[in-house]
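Chain and residue survey
Residue-level listing of the chains:
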Amino acid sequence: MAAGETQLYAKVSNKLKVRGPSLLLEPLLGMGFPVHTALKALAATGRKTAEEASDWLRCHRNDPSLDDPIPQEYALFLCPTGSLLEQLQEFWRESKRQCTKNRAHEIFPHITLCDFFTCEDHKVECLYEALKRAGDRVRGSFPLVVPLALHSSISYLGFFVSDSPADVIREFATTFAMEVAVLAGRFHRHLSLFSQRLQRGLALGLNSLAGAKLMSQDVLQKCTVKPCAKQLHLTLAHKFYPHHQRTLEQLARAIQPGHSCQWTAVLYSRDMRFVHYQTLRALFQYKPQNEDELTLSPGDYIFVDPTQQEETSKGWVIGTSQRTGCRGFLPENYTEQANESDTWVKHRTYTFNMAMDLASRKDGEASSRRNGEPHPPQTPRDVSSIQALQATIARKSVLVVRHGERVDQIFGKSWLQQCSTPDGKYYRPDLNFPCSLPRRSSGIKDFENDPPLSSCGIFQSRIAGEALLDSGIRITSVFTSPALRCVQTAKHILEELKLEKTIKIRVEPGIFEWTKWESGKTTPTLMTLDELQEAGFNVSMDYRPAFSLASLMPAESYDEYVNRCAVSVGWITSIRPRDVGVILIVGHGSALDSCTRPLLGLPPRDSGDFAQLVRKIPSLGMCFCEENKEEGKWELVNPPVKTLTHGSNSAFNWRNWIPGS
């Protein structure tokens, strides 16, 4: 079968003078793979090397759709490189951080030249040749500078391409479509003739009727490309919240599109079966415990149909692995949301003003593709554009963070008895107890209602601080509840930010927990500023809080509590009102609601709804508010770092493993 099929495709390719697919097919057919699956593997991997295609086939050996004649979908985009790409990527990051994710974040910066179209696997080489011919034809007239004009509406923000440059780009897209029609049409006719001979059993030595039928079915389909007839545009944001429009416009105005840019036409493909599916990326390895579960490796992409999740258990989803083609159940917390274009495959590029087909360089293999984006060689950042962006986004922000895991959360109300000696000294009975406790004037008993962080809580705080450092946000001041666990969380975050010596922690009793939730009829005895300073906490001794420790009343009403928080957060944000940057507030789970709603101009929630909401807030949960001076209000935006998720770890007694015990 392999010899005859190779002969068939070689004859057709030679007649069309297209670079012979047999150069890649022969090694695959020599390994025993049928021609239709070998061609499918080549199309799915961008026709780069036979080795990549053979690896794909081995991974898909249990793929139930491997023999199905389902073609890939292809699209042609015009993508910027160099300084303009860096500015756009900076906009992508900042718009996502400040205004949450919108539809534009799903795809890299681009101008659509041809919408997605289907092309049978054996005709893909025609697309490559068409791209080269179209590029060569318009290369001399392609504009050195593509004029981009900013356009904004209630749900769209982007650059429009206008004037004569747009006509040249449209001519390129139209030429590509025409060349594809010509080349694929010839391939269609020649392959159809050979396929008819094949089915009649004429002298090609094939002994597989199934392979003949598959090829004869394929050639009945045509490859039709529709060049974009609409206004050429480069989308910056799409389907965003209306109240984010002003912020997005400000960020967009910092982009300087007038500089010369090397534009690259890029041909991508995607699996047409999963166009409307949700895409997940595996974060951890998972080995199936049951036959109907998927194997996961870090970096795997999973296609999930949201309409088919009714039968799954809580915390599980059912999806199809891009790497293997197999379908099964998987734990959702082993994954994260991925972008739509992350699973697209780059095939060939044509860079204008260079007149070279980068296919010969195999697109730099994996190093040239990250998140589906065409990546040029690393160049220094355009300092002026970054400064302009930073100037635009300079505004006051408030980041409210819940403290880390507290020790009594794990070891219960009797935690202090578990770690106290008969003479009242502290020892560490479990590794999740802290190494030591700070000294208190009244002794160890005051920790009972003012517990410290656990070892895991310290780790949570540090990993959050490390993530904040990586995010690039600028913390300018820190306020905490007087509870020890909050002061500790602030300290560890500042240490990871390398700010523990330059920023003092301001203790604000006004953001302490709702005292009705505290056990006992009196307010907990909290550490004084002197005790905190003696314990090594860099607390401010000069800060005048909105509420003193003595003003905290036991069993206060809900209205008294939310009013206390509203007054406190108003006081915090009024200190040095001209300062910009991020104010970090470390409090309790309740603070994420009671300290943000006053800023947003929202009334307090119903106390029952408030209690239900707070129970769901995890350790190091965050809410992020930004001041919009133009509209005179604050807005809730996407936090600068991702959430922290982990599982439990139960106690272990080695004595249970002693034989006979």
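The structure presented is a predicted model; accordingly, all values stated were derived computationally and were not measured.

Some remarks on the pattern of salt bridges
As enumerated under the stated definition, the model contains 29 salt bridges in all. Across the pair arginine 439 and glutamate 534 runs a salt bridge, and its minimum N-O distance is 3.1 Å. Residue arginine 439 is located in the loop between helix 12 (415-418) and helix 13 (455-471), and its partner glutamate 534 is located in helix 15 (residues 529-534); the two are separated by 95 residues in the primary sequence. You can call arginine 439 exposed: its relative accessible area is 53%. Each of Glu73, Arg103, Arg270 and Glu340 takes part in a single network of salt bridges with overlapping partners.

Structural notes on the nonpolar core
Ranked by internal contacts, the top residues of the largest apolar core, which has 56 residues, are Leu76, Phe91, Leu127, Phe172, Phe176, Leu236 and Trp263. Counting 43 residues, the second-largest nonpolar core is a separate cluster that includes Val401, Val507, Leu552 and Met622.

A closer look at the packing of helix 5 (residues 82-99) against helix 9 (residues 245-253)
Contact geometry of helix 5 with helix 9 gives a least axis separation of 10 Å together with a crossing angle of 160°. As judged from the angle between their axes, helix 5 and helix 9 are roughly antiparallel. Like other packed secondary-structure pairs, helix 5 and helix 9 cross with a definite hand, here right-handed. Of the residues in helix 9, those touching helix 5 at Phe91, Glu94, Ser95, Gln98 and Cys99 are Thr247, Leu248, Leu251 and Ala252. Looking at the contact of helix 5 with helix 9 residue by residue, the class counts come to five nonpolar, three polar and one charged.

Here's the deal with the environment of glycine 472
Mapped onto the fold, glycine 472 is located in the loop between helix 13 and strand 17 (475-480). The exposed category is assigned to glycine 472, whose relative accessible area is 59%. Taking the C-alpha atoms as reference points, glycine 472 and proline 640, 168 residues apart in sequence, are found 8.6 Å from one another.

Some details on the environment of valine 407
Turning to its location among the elements, valine 407 is positioned in helix 11 (residues 407-411). You can call valine 407 buried: its relative accessible area is 0%. Sequence spacing of valine 407 and proline 451 is 44 residues, and the spatial spacing of their C-alpha atoms is 6.4 Å. Other than its neighbours up to four places away in sequence, valine 407 contacts Trp415, Phe433, Pro434, Pro451, Pro452, Leu453 and Ser454.

Comments concerning the sheet that holds strand 9 (residues 316-321)
Taken in spatial order, the five strands make up an open sheet running 10-9-8-7-11, and their pairing is antiparallel. Pairing within the sheet leaves two strands with one partner each, and these edge strands are strand 10 (327-331) and strand 11 (335-337). Across the sheet, the mean angle separating the axes of adjacent strands is 45° when strand polarity is ignored. Alignment of strand 7 (residues 278-282) against strand 11, held across three bridges, turns out to be antiparallel.

Some thoughts on helix 4 (residues 50-59)
Inspection of helix 4 places Ala50, Ala53, Ser54, Trp56 and Leu57 among the buried residues, and these make up the whole buried set. Around the axis of helix 4, the buried residues are gathered within 155° of arc, so they sit on the same side.

Focus: the packing of aromatic side chains
Counting across every chain of the model gives 28 aromatic pairs. The interplanar angle of 80° and the centroid separation of 5.5 Å between the aromatic rings of tyrosine 286 and tyrosine 334 together place this pair among those described as edge-to-face. With a gap of 48 residues between them, tyrosine 286 in the loop between strand 7 and strand 8 (301-304) and tyrosine 334 in the loop between strand 10 and strand 11 connect regions that are remote in the sequence. Under the relative-accessibility criterion, tyrosine 334 is labelled partly exposed at 27%. Ring geometry for tryptophan 514 and tyrosine 561: centres 6.0 Å apart, planes at 20°, overall stacked. Here tryptophan 514, found in the loop between strand 18 (505-507) and helix 15, pairs with tyrosine 561, found in helix 16 (residues 558-574); they are 47 residues apart in sequence, far enough to count as distant. For the pair tryptophan 514 and tyrosine 561, a shared accessibility class is recorded, and that class is buried. Here a set of aromatic residues connected by ring pairs shows up, and it is made of Phe77, Phe108, Phe116, Tyr268 and Trp344. The aromatic ring of phenylalanine 116 is capped on one face by arginine 270, whose charged end is 3.5 Å from the ring centroid.

Some remarks on the pairing of strand 7
Counting buried positions along strand 7 gives four out of five residues, so the element sits mostly inside the fold. For strand 7 and strand 8, the ladder comprises four bridges, and the chain directions are antiparallel. Counterpart to leucine 280 in the pairing with strand 8 is isoleucine 302.

Looking at the sheet that holds strand 16 (residues 396-402)
Remark on secondary structure: sheet strands pair via backbone hydrogen bonds, oriented parallel or antiparallel. Judged by pairing direction, the sheet is mixed, and its six strands sit side by side in the order 18-17-19-16-20-21 without closing on themselves. Each end of this open sheet is capped by a strand with a single partner; those strands are strand 18 and strand 21 (633-637). The average angle at which neighbouring strand axes cross in this sheet is 25°, direction not considered. Bridging between strand 17 and strand 19 (residues 581-587) involves five bridges; their strand directions are parallel. By the bridge assignment, serine 477 is partnered in strand 19 with isoleucine 583.

As for the confidence of the model for the protein chain
Per-residue confidence for the protein chain gives a mean pLDDT of 84, with 83% of residues at or over 70. Taken together, the stretch residues 1-6 has pLDDT below 50 and engages in 17 contacts with residues farther than four places along the chain or on a different chain. The low-confidence segment residues 8-21 (pLDDT under 50) makes 34 contacts with residues lying over four places distant or belonging to another chain.

Examining the side chain of glutamate 626
Relative to the helices and strands, glutamate 626 is located in strand 20 (residues 622-628). No salt bridge forms around the buried glutamate 626; measuring N to O, its nearest opposite-charge neighbour arginine 97 is 4.0 Å away.

Topic: the packing of helix 3 (residues 35-44) against helix 4
Contact geometry for helix 3 and helix 4: axes closest at 8 Å, N-to-C directions at 110°. The angle between helix 3 and helix 4 places the two elements in the roughly perpendicular class. Judged by the sense of rotation from one axis to the other, the crossing of helix 3 with helix 4 is right-handed. Within the contact between the two elements, helix 3 uses Thr37, Ala38, Lys40, Ala41, Leu42 and Ala44 and helix 4 uses Ala53, Trp56 and Leu57. Residues belonging to the contact of helix 3 with helix 4 are distributed by class as follows: seven nonpolar, one polar and one charged.

Points about a nonpolar patch on the surface
On the surface, Phe652, Trp654, Trp657 and Ile658 cluster together into a nonpolar patch covering about 560 Å² of accessible area. Tracing the sequence through the fold places tryptophan 654 in the segment after strand 21. The class for tryptophan 654 is exposed, based on a relative accessible area of 52%.

Overview of helix 13
Residue pairs three or four apart in sequence face the same way in an α-helix, which turns once every 3.6 residues. Relative to the 24 Å expected for 17 residues at 1.5 Å per residue, helix 13 spans 25 Å between its end C-alpha atoms, a close match to the ideal helical length. Check the buried side of helix 13 and you find it contacts strand 16, helix 14 (484-496) and strand 20.

Some points on the state of the cysteines
What is meant by a disulfide is a covalent connection between two cysteines, made through their sulfur atoms. Summed over the entire model, instances satisfying the criterion amount to zero disulfides. There is no disulfide at cysteine 119, and the cysteine sulfur nearest it, in cysteine 223, is 3.8 Å away. Residue cysteine 119 is classed as buried on the basis of its relative accessible area of 0%.

Cut-offs applied
- Per chain, residue numbering runs from 1 following the sequence as it is written.
- The model is predicted, so local features are restricted to residues of pLDDT at least 70 and side-chain atom pairs to those at 80 or more, both for listing and for counting; the totals for chains, interfaces and linings are taken over all residues.
- The side-chain quantities take in all heavy atoms of the structure and omit both hydrogens and water.
- Each reported salt bridge corresponds to a side-chain nitrogen of Lys or Arg within 4 Å of a carboxyl oxygen of Asp or Glu.
- By the criteria applied, helices consist of DSSP H or I runs no shorter than four residues and strands consist of E runs no shorter than two, each listed in order from the N terminus.
- When accessible area is computed with a 1.4 Å probe and restricted to protein chains, residues below 20% of their type maximum are described as buried, those above 50% as exposed, and intermediate ones as partly exposed.
- Side-chain atoms within 4.5 Å link the members of a nonpolar core, which is a set of buried Ala, Val, Leu, Ile, Met, Phe, Trp, Tyr and Cys residues.
- Where helices are involved, their axes are fitted lines through C-alpha atoms of the stretch in contact, as for all axes, and angles between N-to-C directions lie from 0 to 180°.
- For classification, angles of less than 35 degrees are called roughly parallel, those exceeding 145 degrees roughly antiparallel, those between 65 and 115 degrees roughly perpendicular, and all remaining angles oblique.
- With the far helix as reference, a near helix turned anticlockwise by less than a right angle produces a left-handed crossing, and one turned clockwise produces a right-handed crossing.
- Working rule for contacts: check all heavy atoms of both residues, and any pair within 4.5 Å makes them a contact.
- Residue polarity follows a fixed list, in which Ala, Val, Leu, Ile, Met, Phe, Trp, Tyr, Cys and Pro are nonpolar, Asp, Glu, Lys and Arg are charged, and the others, Gly among them, are polar.
- A pair of strands is treated as paired once DSSP finds two or more bridges between them.
- This arc is taken over the directions from the axis of the helix to the C-beta atoms.
- Aromatic rings from Phe, Tyr and Trp, with only the six-membered ring used for Trp, were paired whenever their centres fell within 6.5 Å, and each pair was classed as stacked if the ring planes differed by under 30 degrees, edge-to-face if by over 60, and tilted otherwise.
- Charge over a ring is defined by NZ of Lys or CZ of Arg lying within 6 Å of the ring centre and within 35 degrees of the ring normal.
- pLDDT expresses how confident the predictor is about each individual residue, on a scale running from 0 to 100.
- We treat Lys and Arg as the positive residues and Asp and Glu as the negative residues; His and chain ends play no part in the count.
- Note on patches: the residues involved have over 30% relative accessible area and no salt bridge, like charges join within 9 Å, and the nonpolar side chains Val, Leu, Ile, Met, Phe, Trp and Tyr join within 5 Å.
- Per-residue and other accessible areas were derived by the Shrake-Rupley procedure at a 1.4 Å probe size, with only the shown protein chains allowed to occlude residues.
- To estimate how far a helix should extend, the number of its residues minus one is multiplied by 1.5 Å.
- Working definition: a disulfide is two cysteine sulfur atoms within 2.5 Å of each other.

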